[in-house]
Amino acid sequence: FWKILSSVVGGIVALCIGLLTSVYLATLHENDLWFSNIKEVEREISFRTECGLYYSYYKEMLQAPTLLQGFHGLIYDNKTESMRTINLLQRMNIYQEVFLSVLYRVLPIQKYLEPVYFYIYTLFGLQAVYVAALYMTSWLLSGTWLSGLLAALWYVTNRTDTTRVEFTIPLRENWALPFFAIQIAAITYFLRPNLQPLSERLTLLAIFISTFLFSLAWQFNQFMMLLQALVLFILDSLDMLPAVKATWLYGIQISCLLLVCTLQFFNSMILGSLLISFNLSVLIVRKLQKNLKTGTFLTRVGKLLLHLLLVFCLTLFLNNVIKDFFCEVVQSYTSGFTVCSFAVFSSDSANPQSMGQTRKCAVDLKPEAAYNLIHTLLFGVLAMSTMRMKYLWISHMCVFASFGLCSSEIWELLLRLLHLCNPKRIWVMRYSVPILTLLYLCCKSWPGMMDELSELKEFYDPDTVELMDWISSNTPRKAVFAGSMQLLAGVKLCTGRTLTNHPHYEDKSLRERTQAVYQIYAKRSPEEVHSLLRSFGTDFVILEDSICFERRHQRGCRLRDLLDVANGHEMDGPGESDPDLRPADHPRFCEEIKRNPPSYKAHFTRVFQNKTFHVYKLSRNK
């Protein structure tokens, strides 16, 4: 009875803490922008950079006369990149926008809920799912829902390092990470021994669905799942995980990625991913080395080293073969594999005698705990290499830290080392320390959270609003605009005009096009800039003073400095330049054009300006 009651209470607490987190983040978003009271164009401008680009496709689907026409517009899009027709469903992970737009059109909610609120409430709702999944993972690891509550509270109190959803709502990570957290929770349960067949099948189904949705929602899914595959490989090689369970998980990863690849019209980046090559290599080598886990300790170490070498070589071979046939994008995952190799080479857990001798001074790590531990370590390595991955790492750290405080095994180890171990003391420490930590966190964080909730701000960007209104009212609907990536995403969302470039930079040709467009901030002649822009069909170019006269970053880190170095020109300002750089033959374009000399006037006519932006119309002459 008490066990059932505790489970019910724990489930209710998980639901409540998830909903409270969702409401808290939504309130912060509303208080920061006064989102409910600003104009529609201001709401759209608040979706900065790539966020605005993703949201524009949701808006397009809603504005299309029929769903079929909306799909056709995404598959044969010629407004995102001028003079090109691209398949957006292949290039970008925007199925979530498609699904939401279909749902909004089908459900009878148009009279009660604006499209933008349906969109943002869905994202804040997913945050509730995210926190609940972290809660469940910690609960499964420790055996007490008190650990889950502590993990959720740590997630909220470390909000600036665990999520940025309140100011970057449409980012792909905000769609994907809740499903990734569900997947980790399901895998944690799946790795438990002695599961009933029905429970095992249902858990595998949950793993498959969550892995598929995670992969579909985020272009960086391959990096996350490669780390998962490395964790499974380590545990399987060290005989800490049943081989059949590892095989199921490898198979799910491959099948989900291939299914996503099919939905994304056989995206070459997915086909050439190292994840598929690695998983296939592990399965093939395992078939060739069936007796890996037999023999003496030295024999097993030798087999393990051979196993590593075979998997590594076969992975590289398969990856190169696949890329020769299908791919253009080269990806590198060397750091992850190095971490894996180091962990395996330095491990001696395969030695039964060694394990027996050290059991008195070590924790007998369960497969699900070992999986989450190595996960956390590899996520940390990834976070050190890529700043945006810290949100994934810190969230998982909250889970594992709460598990550590609530784990009876860890408290047993500590008390045994102090010669104070008995079941009653273990029980007291296991519950008293987490409760005291919860009270401390509440007392410390509550005043700050209340201050945040009481601080009322308002969106204010009149220059950008004026620019968008002018474009909508004074330029043809088929006009092509050039400018910075982040600004053009807003131009597309707010005005529907065609772009030369945009912030979704996982495409080589687009990066090259962006570098060409950015010559507007370099030291180039008006004839060169005009020729480059016209080659992309540009009708109007937007210059931003914040880029042209940037002062925020030091010399060498500003956009104009990077362009100067790429063009072989000396940088502006005091300081030494590399000896191979030379003085430019022309002044900086974005500065000189404001003087309007005849050579510039022949190619560019200023048609709009305010304190921040200057818009020039390009002449049609060659």
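Position numbers for residues start from 1 in each chain and track the written sequence from start to end. For a predicted model such as this one, the threshold for reporting local features is a pLDDT of at least 70, and the threshold for listing and counting side-chain atom pairs is 80 or more; totals across whole chains, interfaces and linings nevertheless cover every residue. Only hydrogens and water are set aside; all other atoms, that is, all heavy atoms of the structure, feed into the side-chain values.

(A) Representation of the pattern of salt bridges. By definition, a salt bridge exists where a carboxyl oxygen of Asp or Glu is found within 4 Å of a side-chain nitrogen of Lys or Arg. Applying the stated criterion across every chain yields a total of 27 salt bridges. Measuring nitrogen to oxygen at the nearest pair gives 3.2 Å for the salt bridge that ties Arg-48 to Asp-461. Taken together, the residues span a long stretch of sequence, with Arg-48 in the loop between helix 2 (40-45) and helix 3 (49-63) and Asp-461 in the loop between helix 22 (423-454) and helix 23 (462-474) at a distance of 413 residues. Using a relative accessible area of 16% as the deciding quantity, one classes Asp-461 as buried. Across the pair Glu-81 and Arg-84 runs a salt bridge, and its minimum N-O distance is 2.8 Å. The exposure class of Arg-84 is partly exposed, given its relative accessible area of 25%. Helix and strand definitions here come from DSSP, where helices need a minimum of 4 consecutive H or I residues and strands a minimum of 2 consecutive E residues; each element is numbered from the N-terminal end. Throughout, exposure labels follow a simple rule: accessible area from a 1.4 Å probe, protein chains only, divided by the maximum for the residue type, with under 20% read as buried, over 50% as exposed, and the rest as partly exposed.

(B) View of the side chain of Arg-159. Within the secondary structure layout, Arg-159 lies in helix 9 (residues 159-162). Contacts of Arg-159, omitting those with residues within four sequence positions, involve Tyr-24, Leu-25, Leu-28, Glu-166 and Glu-452. Note on contacts: a residue pair qualifies if any of its non-hydrogen atoms lie within 4.5 Å across the two residues.

(C) Structural detail: the packing of aromatic side chains. Geometry of aromatic contacts follows a simple scheme: Phe, Tyr and Trp rings, the Trp one being its six-membered ring, pair when their centres are within 6.5 Å, and the pair is stacked under 30 degrees between planes, edge-to-face over 60, tilted otherwise. Considering all chains together, one arrives at 26 aromatic pairs under this definition. Taken together, the aromatic side chains of Phe-35, Phe-47, Tyr-55, Tyr-58, Tyr-117, Tyr-119, Tyr-121 and Trp-175 make up a single cluster linked through ring pairs. Positioned above the aromatic ring of Phe-35 is the side chain of Arg-43, whose terminal nitrogen or guanidinium carbon lies 5.4 Å from the ring centre. A ring has a charge above it when a Lys NZ or an Arg CZ is no more than 6 Å from the ring centre and no more than 35 degrees off the ring normal. The residue whose ring lies beneath Lys-245 is Phe-190, and the NZ or CZ to ring-centre distance is 5.1 Å.

(D) Representation of unusual backbone geometry in the model. Phi is positive for Thr-49, which is not a glycine, with a value near 45 degrees. With respect to the helices and strands, Thr-49 occurs in helix 3. Here Met-83, not a glycine, exhibits a phi torsion of approximately 60 degrees, which is positive. Position of Met-83 relative to the elements: it lies in the loop between helix 4 (67-75) and helix 5 (88-91). Relative accessible area serves as the criterion here: at 61%, Met-83 is assigned to the exposed category.

(E) The pairing of strand 3 (residues 540-544), seen in detail. Taking burial as the measure, the five residues of strand 3 include five buried ones, the bulk of the element. Of the two faces of strand 3, the one holding Phe-540, Ile-542 and Glu-544 and the one holding Val-541 and Leu-543 are both buried throughout. Strand pairing requires that DSSP identify at least two bridges connecting the strands. As paired strands, strand 1 (residues 480-482) and strand 3 are joined by two bridges and run parallel to one another. Paired with Phe-481 across the two strands is Phe-540, which belongs to strand 3.

(F) Quick peek at the environment of Asn-610. Its location among the elements puts Asn-610 in the loop between strand 4 (604-609) and strand 5 (613-618). By relative accessible area, Asn-610 is classed as buried at 13%. When the C-alpha positions of Asn-610 and Pro-462 are compared, they lie 9.8 Å apart, and in sequence the two are 148 residues distant. Among the polar contacts made by the side chain of Asn-610, one reaches the main-chain carbonyl oxygen of Asp-463 at a distance of 3.1 Å. Polar contact is the term for a pair of N or O atoms within 3.5 Å; when the atoms are in protein, one must be able to donate a hydrogen and the other to accept it, and sequence-neighboring residues count only if both atoms are side-chain atoms. There is a polar contact of 3.2 Å between the side chain of Asn-610 and the side chain of Glu-466.

(G) Focus on the pairing of strand 4. Sheet analysis places strand 4 next to strand 5, joined by five bridges and oriented antiparallel. Among the inter-strand pairings, Thr-605 is bridged to a residue of strand 5, identified as Lys-617. In sequence, strand 4 turns back onto strand 5 through a hairpin of three residues.

(H) Local environment of the packing of helix 11 (residues 197-217) against helix 13 (residues 243-263). Across the interface, helix 11 lies against helix 13 with an axial gap of 9 Å and an inter-helix angle of 35 degrees. Here the hand of the crossing between helix 11 and helix 13 comes out right-handed. Residues Glu-200, Leu-204, Ile-207, Phe-208, Thr-211, Phe-212, Ser-215 and Leu-216 of helix 11 form the contact with helix 13, whose own contacting residues are Lys-245, Trp-248, Leu-249, Ile-252, Ser-255, Cys-256, Leu-257, Leu-259, Val-260 and Leu-263. Of the residues assigned to the contact of helix 11 with helix 13, the class counts are 13 nonpolar, three polar and two charged. Only the contacting stretch of a helix is used when fitting its axis, a line to C-alpha atoms as for every element, and angles between N-to-C directions run 0 to 180 degrees. Handedness of a helix crossing follows the sense of rotation of the near helix relative to the far helix, less than a right angle counterclockwise being left-handed and clockwise being right-handed. Any residue outside Ala, Val, Leu, Ile, Met, Phe, Trp, Tyr, Cys, Pro, Asp, Glu, Lys and Arg is labelled polar, Gly included; the first ten of those are nonpolar and the last four are charged.

(I) Quick look at the sheet that holds strand 3. The mixed open sheet is built from five strands, whose spatial order is 2-1-3-5-4. The strands lining the two open edges of the sheet, one partner per strand, are strand 2 (498-499) and strand 4. As defined by bridge partners, strand 3 adjoins strand 5 across five bridges and the pair is classed as antiparallel. Across the sheet, Phe-540 pairs through a bridge with Lys-617, a residue of strand 5. Across the sheet, helix 23 is in contact with strand 1, strand 3, strand 4 and strand 5; its angle to strand 5 comes to roughly 25 degrees.

(J) Fine view of the side chain of Glu-81. The topology assignment puts Glu-81 in the loop between helix 4 and helix 5. According to the relative accessible area criterion, Glu-81 is buried, its value standing at 0%. Within polar-contact distance, the side chain of Glu-81 engages the side chain of Arg-84 at 2.8 Å. Within the structure, Glu-81 has its side chain in polar contact with the side chain of His-502 (distance 2.9 Å).

(K) Inspection of the state of the cysteines at higher detail. Criterion for a disulfide: a pair of cysteine sulfur atoms at a distance within 2.5 Å. Overall, the coordinates contain one disulfide when judged by the stated rule. Between the sulfur atoms of Cys-548 and its disulfide partner Cys-590 the distance amounts to 2.0 Å. Of note, the bridge from Cys-548 to Cys-590 carries an S-S torsion of about 85 degrees and is right-handed in sense. Highlighted residues: Cys-548 in helix 27 (residues 545-548) and Cys-590 in helix 29 (residues 589-592), separated in sequence by 42 residues. Relative accessible area serves as the criterion here: at 1%, Cys-548 is assigned to the buried category. For Cys-590, a relative accessible area of 0% corresponds to the buried category.

(L) Helix 6 (residues 95-106), seen in detail. Here a helix's expected span is defined as the number of its residues, less one, multiplied by 1.5 Å. Taking 1.5 Å of rise per residue, the twelve residues of helix 6 would be expected to cover 16 Å, and the 16 Å separating its terminal C-alpha atoms lies within 8% of that figure. Every buried residue of helix 6 is accounted for by Tyr-95, Gln-96, Glu-97, Val-98, Leu-100, Ser-101 and Tyr-104.

(M) Spatial organisation of the environment of Val-129. Within the secondary structure, Val-129 sits in helix 7 (residues 115-142). Considering only alpha carbons, one finds Val-129 and Ile-182, 53 residues apart in sequence, at a separation of 8.1 Å.

(N) Region of the structure containing the confidence of the model for the protein chain. The predicted model of the protein chain averages 86 in pLDDT, with 89% of residues at 70 or higher. Confidence over residues 328-363 falls short of pLDDT 50; this stretch has 43 contacts with residues more than four positions distant or in other chains. Note: pLDDT gives the predictor's confidence per residue, expressed from 0 to 100.

(O) Focus on the environment of Arg-511. Here Arg-511 lies in helix 25 (residues 508-517). Given the relative accessible area of 44%, Arg-511 is considered partly exposed. Taking C-alpha positions, Arg-511 is 8.4 Å from Asn-501, a pair spaced ten residues apart along the chain.

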